[in-house]
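Here is how the chains run, residue by residue.
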Amino acid sequence: MDDLYASLNEHLPPELAKEAVRILYGAPCRKLELNEEVHNLSQSENFDLKAFGIDTAEEQTRPKRIVRIGAIQNSIVLPTNDPVSKQLEALHQRIATLIHAAYLCRCNIVCLQEAWHMPFAFCTREKQPWCEFAEHAIHGPSTKFLCQLAQKYNMVIVSSILERDDEVHGEVIWNTAVVISNSGKYIGKSRKNHIPRVGDFNESTYYMESTLGHPVFETQFGKIAINICYGRHHPQNWMMYGINGAEIVFNPSATVGGLSEPLWSIEARNAAIANSYFTVAINRVGTESFPNEFTSGDGKAAHKNFGHFYGSSYVTAPDGTRTPGLSRTKDGLLVTEVDLNMCRQVKDKWGFRMTQRLELYANSLNEAIKTDYKGQLIKE
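Residues numbered from 1 in each chain as written. Predicted model: local features only at pLDDT ≥ 70, side-chain atom pairs only at ≥ 80, totals over all residues. Heavy atoms only, no water.

Trainee: Quick question: what am I supposed to make of the state of the cysteines here?
Mentor: One way to say it: the disulfide is the covalent bond shared by the sulfur atoms of two cysteines. As enumerated under the stated definition, the model contains zero disulfides in all. Note on Cys131: no disulfide assigned, nearest cysteine sulfur contributed by Cys123 at a separation of 13 Å. The cysteine Cys147 is free of any disulfide, with Cys111 supplying the nearest cysteine sulfur at 15 Å. The exposure class of Cys147 is buried, given its relative accessible area of 14%. (Disulfide = S-S within 2.5 Å. Buried < 20%, exposed > 50% of the residue type's maximum accessible area, 1.4 Å probe, protein only.)

The following block contains the structure:
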(Lines give C-alpha, C1' and ligand atoms only; values in the text may rest on other atoms or scores of the structure.)
Protein backbone atom coordinates (compact mmCIF):
# COMPACT_ATOMS: atom_id res chain seq x y z
CA MET A 1 0.00 0.00 0.00
CA ASP A 2 1.42 3.33 -1.06
CA ASP A 3 -0.98 5.75 0.64
CA LEU A 4 -3.59 5.06 3.35
CA TYR A 5 -5.61 8.21 2.60
CA ALA A 6 -5.82 7.35 -1.10
CA SER A 7 -6.73 3.74 -0.30
CA LEU A 8 -9.64 4.83 1.92
CA ASN A 9 -11.01 7.05 -0.83
CA GLU A 10 -10.45 4.41 -3.50
CA HIS A 11 -12.03 1.43 -1.78
CA LEU A 12 -14.83 2.90 0.35
CA PRO A 13 -18.09 4.42 -0.91
CA PRO A 14 -17.75 8.23 -1.05
CA GLU A 15 -19.88 9.06 2.00
CA LEU A 16 -18.26 6.32 4.08
CA ALA A 17 -14.79 7.41 2.95
CA LYS A 18 -15.57 11.00 3.94
CA GLU A 19 -16.61 9.93 7.43
CA ALA A 20 -13.61 7.59 7.84
CA VAL A 21 -11.25 10.39 6.85
CA ARG A 22 -12.94 12.78 9.30
CA ILE A 23 -12.47 10.31 12.15
CA LEU A 24 -8.88 9.46 11.28
CA TYR A 25 -7.60 12.86 10.11
CA GLY A 26 -9.85 15.49 11.70
CA ALA A 27 -11.35 18.43 9.85
CA PRO A 28 -10.71 18.25 6.09
CA CYS A 29 -7.69 20.18 4.87
CA ARG A 30 -8.04 22.60 1.99
CA LYS A 31 -6.21 21.48 -1.16
CA LEU A 32 -3.68 24.02 -2.42
CA GLU A 33 -3.45 24.85 -6.08
CA LEU A 34 0.12 24.56 -7.35
CA ASN A 35 1.58 25.73 -10.64
CA GLU A 36 2.02 23.48 -13.65
CA GLU A 37 5.81 23.74 -13.50
CA VAL A 38 6.09 21.98 -10.14
CA HIS A 39 3.58 19.30 -11.15
CA ASN A 40 5.67 18.61 -14.27
CA LEU A 41 8.81 18.49 -12.13
CA SER A 42 7.27 15.94 -9.77
CA GLN A 43 6.39 13.75 -12.74
CA SER A 44 9.77 13.98 -14.46
CA GLU A 45 11.72 13.52 -11.21
CA ASN A 46 9.38 10.85 -9.81
CA PHE A 47 8.45 12.27 -6.41
CA ASP A 48 5.14 12.48 -4.58
CA LEU A 49 3.74 16.01 -4.35
CA LYS A 50 0.91 16.92 -1.98
CA ALA A 51 -0.22 20.38 -0.85
CA PHE A 52 -2.82 21.39 1.73
CA GLY A 53 -3.99 24.37 3.72
CA ILE A 54 -5.11 24.26 7.35
CA ASP A 55 -7.37 27.21 8.10
CA THR A 56 -8.21 28.95 11.35
CA ALA A 57 -10.51 31.78 12.40
CA GLU A 58 -9.63 35.29 11.33
CA GLU A 59 -8.95 37.63 14.26
CA GLN A 60 -9.89 41.28 14.68
CA THR A 61 -6.72 42.51 16.39
CA ARG A 62 -3.96 40.37 14.89
CA PRO A 63 -3.16 39.98 11.19
CA LYS A 64 -2.87 36.46 9.81
CA ARG A 65 0.56 34.84 10.13
CA ILE A 66 0.55 32.64 7.05
CA VAL A 67 3.51 30.28 6.63
CA ARG A 68 4.09 27.58 4.03
CA ILE A 69 5.94 24.57 5.40
CA GLY A 70 7.77 22.08 3.18
CA ALA A 71 8.52 18.55 4.43
CA ILE A 72 10.90 16.53 2.26
CA GLN A 73 11.37 12.77 2.43
CA ASN A 74 13.83 10.89 0.21
CA SER A 75 15.58 7.62 -0.39
CA ILE A 76 19.30 7.27 -0.92
CA VAL A 77 20.42 7.61 -4.54
CA LEU A 78 23.47 5.38 -4.94
CA PRO A 79 24.35 1.96 -3.45
CA THR A 80 25.90 2.11 0.01
CA ASN A 81 29.17 0.62 -1.23
CA ASP A 82 29.82 3.52 -3.63
CA PRO A 83 32.47 6.08 -2.58
CA VAL A 84 31.36 8.43 0.20
CA SER A 85 31.96 11.52 -1.95
CA LYS A 86 29.84 10.12 -4.77
CA GLN A 87 26.96 9.23 -2.45
CA LEU A 88 27.04 12.71 -0.90
CA GLU A 89 27.14 14.43 -4.28
CA ALA A 90 24.19 12.40 -5.54
CA LEU A 91 22.12 13.23 -2.45
CA HIS A 92 22.97 16.93 -2.78
CA GLN A 93 21.70 16.84 -6.35
CA ARG A 94 18.49 15.08 -5.35
CA ILE A 95 17.81 17.46 -2.48
CA ALA A 96 18.52 20.46 -4.72
CA THR A 97 15.71 19.27 -6.99
CA LEU A 98 13.27 18.79 -4.11
CA ILE A 99 14.13 22.16 -2.53
CA HIS A 100 13.65 23.83 -5.91
CA ALA A 101 10.21 22.22 -6.00
CA ALA A 102 9.53 23.66 -2.52
CA TYR A 103 10.50 27.09 -3.86
CA LEU A 104 8.08 26.69 -6.76
CA CYS A 105 5.42 25.94 -4.13
CA ARG A 106 6.33 29.17 -2.27
CA CYS A 107 7.52 27.39 0.89
CA ASN A 108 8.93 29.59 3.65
CA ILE A 109 10.42 26.83 5.81
CA VAL A 110 11.72 23.46 4.63
CA CYS A 111 12.85 20.56 6.79
CA LEU A 112 14.75 17.49 5.61
CA GLN A 113 14.64 13.99 7.12
CA GLU A 114 17.07 12.69 9.73
CA ALA A 115 20.66 12.31 8.44
CA TRP A 116 19.48 13.08 4.91
CA HIS A 117 23.04 13.32 3.56
CA MET A 118 23.96 9.65 4.10
CA PRO A 119 22.63 6.10 4.37
CA PHE A 120 21.19 5.34 7.80
CA ALA A 121 24.09 3.03 8.54
CA PHE A 122 23.90 3.00 12.34
CA CYS A 123 22.50 -0.52 12.29
CA THR A 124 25.88 -1.89 11.22
CA ARG A 125 27.93 -0.73 14.23
CA GLU A 126 30.80 -0.30 11.74
CA LYS A 127 32.77 2.93 12.00
CA GLN A 128 34.16 2.96 8.47
CA PRO A 129 33.20 4.36 6.09
CA TRP A 130 30.06 5.70 7.80
CA CYS A 131 31.81 8.10 10.17
CA GLU A 132 33.29 9.79 7.10
CA PHE A 133 29.85 11.25 6.40
CA ALA A 134 30.07 13.30 9.62
CA GLU A 135 30.70 16.99 8.98
CA HIS A 136 31.07 20.31 10.74
CA ALA A 137 27.73 21.92 11.58
CA ILE A 138 28.71 25.33 10.18
CA HIS A 139 31.53 24.76 7.70
CA GLY A 140 30.61 21.29 6.41
CA PRO A 141 29.71 20.72 2.76
CA SER A 142 26.01 20.08 3.39
CA THR A 143 25.53 23.26 5.42
CA LYS A 144 27.41 25.35 2.85
CA PHE A 145 25.32 23.81 0.08
CA LEU A 146 22.04 24.53 1.88
CA CYS A 147 23.07 28.06 2.92
CA GLN A 148 23.31 28.92 -0.76
CA LEU A 149 19.84 27.50 -1.46
CA ALA A 150 18.32 29.21 1.59
CA GLN A 151 19.55 32.60 0.40
CA LYS A 152 18.64 31.92 -3.24
CA TYR A 153 15.08 30.90 -2.41
CA ASN A 154 14.49 33.12 0.67
CA MET A 155 13.58 30.12 2.84
CA VAL A 156 14.56 28.78 6.25
CA ILE A 157 16.05 25.28 5.95
CA VAL A 158 16.35 22.70 8.74
CA SER A 159 19.09 20.18 7.95
CA SER A 160 19.52 17.04 10.04
CA ILE A 161 23.11 15.76 9.73
CA LEU A 162 25.74 13.60 11.36
CA GLU A 163 27.90 16.28 13.00
CA ARG A 164 31.64 16.14 13.64
CA ASP A 165 32.41 18.42 16.59
CA ASP A 166 35.97 19.15 15.51
CA GLU A 167 36.45 22.42 17.37
CA VAL A 168 36.06 21.15 20.93
CA HIS A 169 35.28 17.90 22.75
CA GLY A 170 37.76 15.72 20.88
CA GLU A 171 36.13 15.42 17.45
CA VAL A 172 33.16 13.48 18.78
CA ILE A 173 30.07 12.84 16.65
CA TRP A 174 26.54 14.08 17.30
CA ASN A 175 23.14 13.64 15.66
CA THR A 176 22.38 17.28 14.90
CA ALA A 177 19.83 19.53 13.22
CA VAL A 178 21.25 22.73 11.72
CA VAL A 179 18.95 25.73 11.30
CA ILE A 180 19.75 28.01 8.37
CA SER A 181 18.17 31.45 7.99
CA ASN A 182 16.42 32.62 4.83
CA SER A 183 19.33 35.08 4.60
CA GLY A 184 21.61 32.09 4.01
CA LYS A 185 23.31 32.35 7.41
CA TYR A 186 23.71 29.70 10.08
CA ILE A 187 21.39 30.42 13.03
CA GLY A 188 22.18 27.55 15.38
CA LYS A 189 21.82 23.85 16.03
CA SER A 190 19.86 21.38 18.09
CA ARG A 191 20.84 17.80 18.89
CA LYS A 192 19.08 14.51 19.48
CA ASN A 193 18.04 14.27 23.13
CA HIS A 194 17.06 10.59 23.25
CA ILE A 195 19.13 7.83 21.60
CA PRO A 196 17.47 4.50 20.70
CA ARG A 197 18.78 1.14 21.80
CA VAL A 198 16.11 -1.02 20.23
CA GLY A 199 16.30 -3.59 17.43
CA ASP A 200 18.77 -2.57 14.73
CA PHE A 201 18.94 1.02 15.96
CA ASN A 202 22.44 0.80 17.42
CA GLU A 203 22.99 4.55 17.42
CA SER A 204 24.78 4.87 20.77
CA THR A 205 27.72 3.16 19.05
CA TYR A 206 28.22 6.46 17.22
CA TYR A 207 26.87 9.34 19.36
CA MET A 208 25.31 10.06 22.73
CA GLU A 209 22.51 12.25 24.06
CA SER A 210 22.50 16.00 23.46
CA THR A 211 23.69 18.47 26.08
CA LEU A 212 22.03 21.46 24.37
CA GLY A 213 18.60 21.19 25.97
CA HIS A 214 15.51 22.26 23.99
CA PRO A 215 16.44 25.32 21.91
CA VAL A 216 13.82 27.24 19.96
CA PHE A 217 14.89 29.35 16.97
CA GLU A 218 13.14 32.63 16.19
CA THR A 219 13.04 32.96 12.41
CA GLN A 220 11.32 35.40 10.08
CA PHE A 221 8.59 32.80 9.60
CA GLY A 222 7.96 31.76 13.18
CA LYS A 223 9.54 30.14 16.23
CA ILE A 224 10.69 26.64 15.37
CA ALA A 225 12.27 23.68 17.15
CA ILE A 226 13.52 20.23 16.18
CA ASN A 227 12.69 17.05 18.06
CA ILE A 228 14.91 14.53 16.29
CA CYS A 229 13.51 11.05 15.59
CA TYR A 230 13.41 8.90 18.76
CA GLY A 231 12.62 11.97 20.86
CA ARG A 232 9.05 11.72 19.57
CA HIS A 233 8.49 8.78 21.95
CA HIS A 234 9.12 11.06 24.96
CA PRO A 235 6.25 13.44 25.81
CA GLN A 236 8.51 15.51 28.07
CA ASN A 237 10.74 16.27 25.10
CA TRP A 238 7.83 17.65 23.08
CA MET A 239 6.61 19.56 26.14
CA MET A 240 9.85 21.45 26.69
CA TYR A 241 9.91 22.83 23.15
CA GLY A 242 6.43 24.19 23.79
CA ILE A 243 7.43 25.68 27.13
CA ASN A 244 10.30 27.43 25.34
CA GLY A 245 7.89 29.02 22.90
CA ALA A 246 7.92 26.87 19.74
CA GLU A 247 5.15 27.37 17.21
CA ILE A 248 6.31 24.65 14.81
CA VAL A 249 8.23 21.55 15.94
CA PHE A 250 9.84 19.40 13.27
CA ASN A 251 10.47 15.69 13.82
CA PRO A 252 13.03 14.56 11.22
CA SER A 253 13.13 10.77 11.48
CA ALA A 254 14.38 7.49 10.08
CA THR A 255 12.19 4.62 11.20
CA VAL A 256 11.05 1.32 9.71
CA GLY A 257 7.67 -0.36 9.33
CA GLY A 258 8.40 -3.46 11.38
CA LEU A 259 9.23 -1.36 14.42
CA SER A 260 7.14 1.79 14.58
CA GLU A 261 4.57 2.25 11.81
CA PRO A 262 1.50 1.79 14.07
CA LEU A 263 2.87 4.55 16.32
CA TRP A 264 3.82 6.96 13.54
CA SER A 265 0.48 8.62 12.93
CA ILE A 266 -0.18 9.04 16.65
CA GLU A 267 2.85 10.53 18.36
CA ALA A 268 3.48 13.79 16.51
CA ARG A 269 -0.26 14.37 16.32
CA ASN A 270 -0.65 13.91 20.08
CA ALA A 271 2.23 16.32 20.64
CA ALA A 272 0.60 19.02 18.52
CA ILE A 273 -2.61 18.71 20.55
CA ALA A 274 -0.95 18.55 23.97
CA ASN A 275 1.39 21.48 23.32
CA SER A 276 -0.72 23.79 21.13
CA TYR A 277 1.76 24.01 18.25
CA PHE A 278 2.17 22.62 14.75
CA THR A 279 4.17 19.42 14.31
CA VAL A 280 5.87 18.21 11.13
CA ALA A 281 6.74 14.50 11.14
CA ILE A 282 9.18 13.56 8.37
CA ASN A 283 10.38 10.02 7.70
CA ARG A 284 12.98 8.55 5.38
CA VAL A 285 11.72 6.29 2.59
CA GLY A 286 13.05 3.17 0.85
CA THR A 287 15.15 0.14 1.80
CA GLU A 288 18.91 0.48 2.30
CA SER A 289 21.21 -2.53 2.01
CA PHE A 290 24.74 -2.59 3.38
CA PRO A 291 27.84 -4.53 2.24
CA ASN A 292 28.20 -6.65 5.39
CA GLU A 293 25.63 -8.60 7.37
CA PHE A 294 24.87 -7.48 10.91
CA THR A 295 22.89 -8.70 13.92
CA SER A 296 21.50 -6.83 16.89
CA GLY A 297 21.32 -9.40 19.68
CA ASP A 298 17.58 -9.91 19.13
CA GLY A 299 17.70 -13.51 17.95
CA LYS A 300 17.14 -12.65 14.31
CA ALA A 301 19.32 -14.06 11.55
CA ALA A 302 22.10 -11.89 10.19
CA HIS A 303 20.84 -9.48 7.55
CA LYS A 304 21.98 -6.60 5.38
CA ASN A 305 19.14 -4.09 5.69
CA PHE A 306 17.06 -2.38 8.37
CA GLY A 307 13.76 -3.03 6.69
CA HIS A 308 11.54 -0.56 4.84
CA PHE A 309 11.60 3.12 5.76
CA TYR A 310 7.95 3.96 5.19
CA GLY A 311 7.94 7.71 4.56
CA SER A 312 4.36 8.88 5.30
CA SER A 313 5.42 12.39 6.34
CA TYR A 314 2.57 14.59 7.61
CA VAL A 315 1.70 17.86 9.39
CA THR A 316 -0.62 18.29 12.38
CA ALA A 317 -2.20 21.52 13.62
CA PRO A 318 -2.71 22.43 17.30
CA ASP A 319 -6.40 21.50 17.04
CA GLY A 320 -5.52 17.95 15.96
CA THR A 321 -6.28 18.42 12.27
CA ARG A 322 -3.68 16.58 10.20
CA THR A 323 -2.81 16.35 6.56
CA PRO A 324 -2.80 13.13 4.61
CA GLY A 325 0.69 11.63 4.53
CA LEU A 326 3.17 11.40 1.72
CA SER A 327 3.82 8.11 -0.05
CA ARG A 328 5.07 5.06 1.84
CA THR A 329 7.34 4.14 -1.08
CA LYS A 330 8.42 7.29 -2.97
CA ASP A 331 10.42 10.44 -2.39
CA GLY A 332 8.11 13.33 -1.70
CA LEU A 333 7.40 16.96 -0.89
CA LEU A 334 4.50 17.85 1.40
CA VAL A 335 3.49 21.53 1.33
CA THR A 336 1.24 22.81 4.12
CA GLU A 337 -0.02 26.37 4.47
CA VAL A 338 -0.84 27.31 8.07
CA ASP A 339 -1.76 30.34 10.12
CA LEU A 340 0.38 30.48 13.26
CA ASN A 341 -2.39 32.40 15.02
CA MET A 342 -4.02 29.01 15.58
CA CYS A 343 -1.49 28.26 18.35
CA ARG A 344 -2.89 30.94 20.65
CA GLN A 345 -6.49 30.28 19.61
CA VAL A 346 -6.19 26.63 20.67
CA LYS A 347 -4.51 27.61 23.96
CA ASP A 348 -7.48 29.87 24.66
CA LYS A 349 -10.05 27.22 23.69
CA TRP A 350 -8.68 24.18 25.51
CA GLY A 351 -6.69 25.81 28.31
CA PHE A 352 -3.98 23.16 28.28
CA ARG A 353 -1.28 25.66 29.24
CA MET A 354 -3.44 27.23 31.95
CA THR A 355 -4.15 23.82 33.49
CA GLN A 356 -0.68 22.36 32.90
CA ARG A 357 0.38 22.35 36.59
CA LEU A 358 4.11 22.48 35.94
CA GLU A 359 4.84 23.09 39.62
CA LEU A 360 3.09 19.82 40.53
CA TYR A 361 5.23 17.80 38.14
CA ALA A 362 8.42 19.73 38.90
CA ASN A 363 8.08 18.77 42.57
CA SER A 364 7.22 15.16 41.76
CA LEU A 365 10.07 14.76 39.28
CA ASN A 366 12.53 16.36 41.67
CA GLU A 367 11.63 13.65 44.17
CA ALA A 368 11.65 10.87 41.55
CA ILE A 369 15.28 11.45 40.58
CA LYS A 370 16.49 10.95 44.15
CA THR A 371 18.21 7.63 44.84
CA ASP A 372 15.99 6.92 47.87
CA TYR A 373 12.72 7.77 46.08
CA LYS A 374 9.72 5.65 46.97
CA GLY A 375 6.76 5.81 44.61
CA GLN A 376 3.38 7.09 45.73
CA LEU A 377 1.90 3.60 45.91
CA ILE A 378 -1.00 2.82 48.19
CA LYS A 379 -1.58 -0.84 49.01
CA GLU A 380 -4.66 -2.51 50.39
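Trainee: In this structure, what is going on with the pattern of salt bridges? I would like to understand it.
Mentor: Once the charged atoms of two side chains with opposite charge are near each other, the side chains can pair. Taken as a whole and assessed by the stated rule, the structure comprises 21 salt bridges. A salt bridge links Glu209 to Arg197, with the nearest nitrogen and oxygen atoms 3.2 Å apart. Here the residue Glu209 occupies a position in the loop between strand 9 (201-202) and strand 10 (217-219), and Arg197 occupies one in strand 8 (residues 197-198), the gap between them amounting to twelve residues. Three or more residues joined by partner-sharing salt bridges are found here, namely Arg30, Asp55, Arg68 and Glu337. (Salt bridge = Lys/Arg side-chain N within 4 Å of Asp/Glu carboxyl O. Helix = DSSP H or I, 4+ residues; strand = E, 2+ residues; numbered from the N terminus.)

Trainee: So what exactly am I meant to see when it comes to helix 8 (residues 341-350) here?
Mentor: An α-helix turns once every 3.6 residues. As a result, residues three or four positions apart point the same way. Buried within helix 8 are the following residues: Asn341, Met342, Cys343, Gln345 and Val346. At its buried positions, helix 8 is contacted by strand 13 (278-283) and strand 17 (332-339). (Contact = heavy atoms within 4.5 Å.)

Trainee: Just to check I follow, could you spell out the sheet that holds strand 1 (residues 30-31) for this structure?
Mentor: The strand order across the open sheet built from eight strands is 1-2-17-3-4-5-6-7, with neighbouring strands paired in mixed fashion. Either end of the sheet is taken by a strand with one partner, and the two such strands are strand 1 and strand 7 (186-191). (Pairing = 2+ DSSP bridges.)

Trainee: What is the right way to look at the sheet that holds strand 11 (residues 222-226) in this model?
Mentor: Picture the strands of a sheet paired through backbone hydrogen bonds; they go either parallel or antiparallel. With mixed pairing, the five strands of this open sheet are ordered in space as 10-11-12-13-16. Two strands lie at the open edges of the sheet, namely strand 10 and strand 16 (314-316), each paired on one side alone. Put simply, the sheet's adjacent strands are angled 25° from each other on average, direction ignored. (Axes fitted to C-alpha atoms, helices over the stretch in contact; angles between N-to-C directions.)

Trainee: Would you explain the environment of Lys370 in this entry?
Mentor: By the secondary structure assignment, Lys370 is in the segment after helix 9 (358-368). When the C-alpha positions of Lys370 and Gln151 are compared, they lie 49 Å apart, and in sequence the two are 219 residues distant.

Trainee: Whenever I open this one, unusual backbone geometry confuses me. Can you help?
Mentor: For the bond from Gln128 to Pro129, the omega torsion is 5°, close enough to zero to count as cis. Following the sequence through the fold, Pro129 ends up in the loop between strand 4 (109-112) and helix 5 (141-153). Positive phi outside glycine occurs at Ala115, with the angle close to 45°. Tracing the backbone shows Ala115 in the loop between strand 4 and helix 5. For Ala115, a relative accessible area of 3% gives the class buried.

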